[in-house]
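A closer look at the structure
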Amino acid sequence: AQSVTQLGSHVSVSEGALVLLRCNYSSSVPPYLFWYVQYPNQGLQLLLKYTSAATLVKGINGFEAEFKKSETSFHLTKPSAHMSDAAEYFCAAGGTSYGKLTFGQGTILTVHP
Amino acid sequence: GAVVSQHPSWVICKSGTSVKIECRSLDFQATTMFWYRQFPKQSLMLMATSNEGSKATYEQGVEKDKFLINHASLTLSTLTVTSAHPEDSSFYICSASPGLAREDTQYFGPGTRLTVL
């Protein structure tokens, strides 16, 4: 069974600083990996997804993530945080690009002026 | 882009009553829909997988007689919480997948906040 672990339930950065949200997966076979963002009382918006085509994946709003098989990681980064990035971020894994997902615990990102 | 809607967006009901939540794919046919539950300050947990025209597959620990899922068409799935109790209060989120037809990702609805008094 797959499991997804997000290190750090809360991350706080200053506006303009680097954003790094950590995600590790546990699977015998590299899964499809996703990052979603959730704003309060809203559903999930897909930021980016890894489908084995390229290890560095670029997403929306300036986010990107790098798949590292040796580290079983898929960390999310953004070079310069913006106030509008404040939200909760979920890493997820699935056996296909369109099937059921296993979610990490979520990381709340706070951006300070 | 693909749009998934949920109705209602929030509902308050009395303990013991039943509540129906609808999930619709507005601009694509969803061969599969998923129902997730999110408790406050927690992650999403998959409840069940719903395929059009067949019985839903429930995850371990989810009571199928309490959470009735119907996927009657390629654009609509419903989740009925029967005899709701306060512990069923949660944020219910559906997602819809076009499946192999597009080998695409799944799309999430905006969620339904259920509060059982």
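Everything here concerns the structure above.
First, a word on scope: everything that follows refers to the structure included in this document. Numbers given for residues are sequential positions, taken from 1 along each chain in its written order. To label them, take the chains in the order written and letter them from A, then take the ligands in the order written and number them from 1. Residue-level local features of this predicted model are given only where pLDDT is at least 70; pairs of side-chain atoms are given and counted only at 80 or more, and the full residue set underlies all totals for whole chains, interfaces and linings. The basis for every side-chain value is the complete set of non-hydrogen atoms in the structure, without hydrogens or water.

Along the backbone of chain B there are zero helices and 11 strands. Starting at the N terminus, helices and strands are each numbered in turn, a helix being any DSSP run of H or I of at least four residues and a strand any DSSP run of E of at least two. When its helices and strands are written in sequence order, chain B yields β-β-β-β-β-β-β-β-β-β-β. Using C-alpha atoms as the atom set, the radius of gyration is obtained and then compared with a globule rule of 2.2 Å times the number of residues to the power 0.38. Computed over its C-alpha atoms, the radius of gyration of chain B comes to 13 Å, within 12% of the 13 Å expected for a compact globule of 117 residues. On the principal axes, the C-alpha backbone points of chain B span a range of 40 × 25 × 25 Å.

Turning next to the sheet that holds strand β8 (residues 73–78) of chain A. By way of backbone hydrogen bonds, the strands of a sheet pair with one another, either parallel or antiparallel. Residues and elements named next belong to chain A. Strand pairing requires that DSSP identify at least two bridges connecting the strands. Spatially, five strands are ordered β1-β3-β8-β7-β6 in an open sheet, and the strand pairing comes out antiparallel. The open sheet has two edge strands, β1 (3–7) and β6 (56–58), and neither has a second partner. Neighbour to neighbour, the strand axes of the sheet diverge by 20° on average, direction disregarded. With five bridges joining them, β1 and strand β3 (residues 19–26) adopt antiparallel strand pairing. Pairing of Ser 3 across the sheet is with Ser 26, part of β3. To get an axis, fit a line to the C-alpha atoms, keeping to the stretch in contact for a helix; angles then go from 0 to 180 degrees between the N-to-C directions.

Contacts between the two partners involve 18 residues from chain A and, on the opposite side, 22 residues from chain B. Reported buried area values correspond to the accessible surface (1.4 Å probe) lost by two parts on association, with both partners' losses combined. Of the roughly 1500 Å² buried between chain A and chain B, counting both surfaces, carbon and sulfur atoms make up 52%. We define a salt bridge as a side-chain nitrogen of Lys or Arg found within 4 Å of a carboxyl oxygen belonging to Asp or Glu. Across the contact surface, chain A and chain B share one salt bridge. For B:Glu59, the salt bridge identified is with A:Lys100, shortest N-O distance 3.4 Å. Polar contact criterion, stated in full: a pair of N or O atoms within 3.5 Å, where within protein one must be able to donate a hydrogen and the other to accept it, and residues adjacent in sequence count only if both atoms are side-chain atoms. Here chain A and chain B share six residue pairs in polar contact (both at pLDDT 80 or more) between them. The set of elements that each furnish at least two residues to the side of chain A that touches chain B consists of β4 (32–38), β5 (44–50) and β10 (101–103) of chain A. For this scheme, ten residues count as nonpolar: Ala, Val, Leu, Ile, Met, Phe, Trp, Tyr, Cys and Pro. Four count as charged, namely Asp, Glu, Lys and Arg, and the remainder, Gly too, count as polar. For the side of chain A that touches chain B, the class distribution of residues is eight nonpolar, eight polar and two charged. Between two residues, a contact is recorded if the distance between any of their heavy atoms is within 4.5 Å.

This paragraph deals with the state of the cysteines. Here is the idea: a disulfide is a covalent bond, and it sits between the sulfur atoms of two cysteines. All names here are of chain A. In plain terms, two cysteine sulfur atoms within 2.5 Å form what is called a disulfide here. All told, the structure shown has two disulfides over all chains when counted by the stated rule. A sulfur-sulfur distance of 2.0 Å marks the disulfide that ties Cys 23 to Cys 91. One disulfide, between Cys 23 and Cys 91, carries an S-S torsion of -65° and so falls in the left-handed class. Of this pair, Cys 23 sits in strand β3 while Cys 91 is found in strand β9 (residues 87–94), placing the two residues 68 residues apart along the sequence.

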